Amino acid sequence: MDRAIYLAPVTQGTTAATLVGGLDLPGSPEGLAGILDNATDPLRDNIFTGTAGALDCLAGSRVTHAILNGGVTVPGVVYSVLATRGDQVLTPPGPVSFIDDPRVENDYFEDLYPQAGPADHATLPMQPDAAQWVIKQLLSE
């Protein structure tokens, strides 16, 4: 059986809130995050010149649009997604990562391992329980 296992992927595209860290754009009533969250705003591509990777992670970006329109899953593959409620990079945590498909098992780290303590986007892959979860997914039939 083919498997795809993801730790906090940016499947649906994130909001701009964490990319700008509360910065504002003078003269803009919606602020910098508002411009970045609007995929049709012509200022969007000019604000983060040289950091296209950050823009590609935004909801509505050309990359997330292509991924979602092309189909996130393929037949014959079982998918597992582990997100963390403490994710401050992908917002909102969970819905940004989860894949809405009956072949996908979507879980929150904290629900499966409440004894493990908090995790965020950067620390999730370093959690011993997350590593065990990956192994369990790889070995499951």
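What counts, and at which threshold
Residues numbered from 1 in each chain as written. Predicted model: local features only at pLDDT ≥ 70, side-chain atom pairs only at ≥ 80, totals over all residues. Heavy atoms only, no water. Core = buried A, V, L, I, M, F, W, Y, C linked by side-chain atoms within 4.5 Å. Buried < 20%, exposed > 50% of the residue type's maximum accessible area, 1.4 Å probe, protein only. Contact = heavy atoms within 4.5 Å. Salt bridge = Lys/Arg side-chain N within 4 Å of Asp/Glu carboxyl O. Helix = DSSP H or I, 4+ residues; strand = E, 2+ residues; numbered from the N terminus. Phe/Tyr/Trp six-rings, centres within 6.5 Å; stacked < 30°, edge-to-face > 60°. Patch = residues over 30% accessible without salt bridge, like charges linked within 9 Å, V, L, I, M, F, W, Y side chains within 5 Å. Areas by Shrake-Rupley, 256 points an atom, 1.4 Å probe, with all protein chains shown as cover. Expected span 1.5 Å × (residues − 1). Arc of directions from axis to C-beta.

Below, the discussion takes up the nonpolar core. Of all hydrophobic cores here, the largest spans 10 residues; its members are Ala8, Leu82, Leu90, Val96, Phe109, Tyr113, Ala119, Leu124, Ala130 and Trp133. Excluding residues that lie within four positions of it along the chain, Ala130 makes contacts with Leu82, Phe109 and Leu124. By size, the runner-up hydrophobic cluster in this structure holds nine residues, among which are Ala4, Val81, Ala83 and Ile99.

What follows covers the pattern of salt bridges. Summed over the entire model, instances satisfying the criterion amount to two salt bridges. The shortest N-O distance in the salt bridge between Asp111 and Arg85 comes to 2.8 Å. Here Asp111, found in helix α6 (residues 109-112), pairs with Arg85, found in the loop between β2 (77-83) and β3 (104-108); they are 26 residues apart in sequence, far enough to count as distant. Judged by its relative accessible area of 47%, Asp111 is partly exposed. Judged by its relative accessible area of 45%, Arg85 is partly exposed. Between Asp101 and Arg103 there is a salt bridge whose closest N-O contact spans 3.1 Å. A residue is classified by how much of its surface remains accessible, and Asp101, at 17% relative accessible area, is buried. Accessibility expressed as a relative area gives 30% for Arg103, which makes it partly exposed.

Okay, the environment of Leu124 next. Along the polypeptide, Leu124 turns up in the loop between α6 and α7 (128-139). You can call Leu124 buried: its relative accessible area is 0%.

With that out of the way, let us pick up the packing of aromatic side chains. As enumerated under the stated definition, the model contains three aromatic pairs in all. Ring centres of Tyr6 and Tyr79 lie 6.5 Å apart, and the angle between their planes is 10°; this geometry places the pair in the stacked category. In this pair, Tyr6 is assigned in strand β1 (residues 2-7) and Tyr79 in strand β2, connecting sequence segments 73 residues apart. Tyr6 sits in the partly exposed class, given a relative accessible area of 32%.

The next thing to look at is the environment of Gly53. Here Gly53 shows up in helix α4 (residues 52-56). Overall, Gly53 belongs to the partly exposed group, its relative accessible area being 45%. Sequence separation of Gly53 and Val63 is 10 residues, and the distance between their C-alpha atoms is 9.5 Å.

Let us look at a nonpolar patch on the surface. There is a patch of nonpolar side chains on the surface, built from Ile135, Leu138 and Leu139 and spanning about 310 Å² of accessible area. Residue classification places Ile135 among the partly exposed positions, given a relative accessible area of 40%.

Attention now moves to the environment of Ala83. Mapping Ala83 onto the fold places it in strand β2. Each C-alpha atom of the pair Ala83 and Leu7 lies 6.1 Å from the other, and the pair is 76 residues apart in sequence. In this view, Ala83 contacts Ala8, Gly94, Ser97, Phe98, Asp107, Tyr108, Phe109, Glu110 and Leu124; residues no more than four positions away in its chain are not counted.

The next thing to look at is α7. Compared with an ideal rise of 1.5 Å per residue, which puts 12 residues at 16 Å, α7 spans 17 Å between its outermost C-alpha atoms and is within 8% of the ideal. Those residues of α7 that sit buried are Ala130, Trp133 and Gln137. Down the axis of α7, the buried set is contained in an arc of 55°. They therefore lie on one face. In this structure, α7 carries Pro128, Lys136, Leu138 and Leu139 as exposed residues pointing more than 90 degrees from its buried face. Against β1, β2, β3 and α6 lie the buried residues of α7.

None of the figures reported here should be taken as evidence of function without further support.
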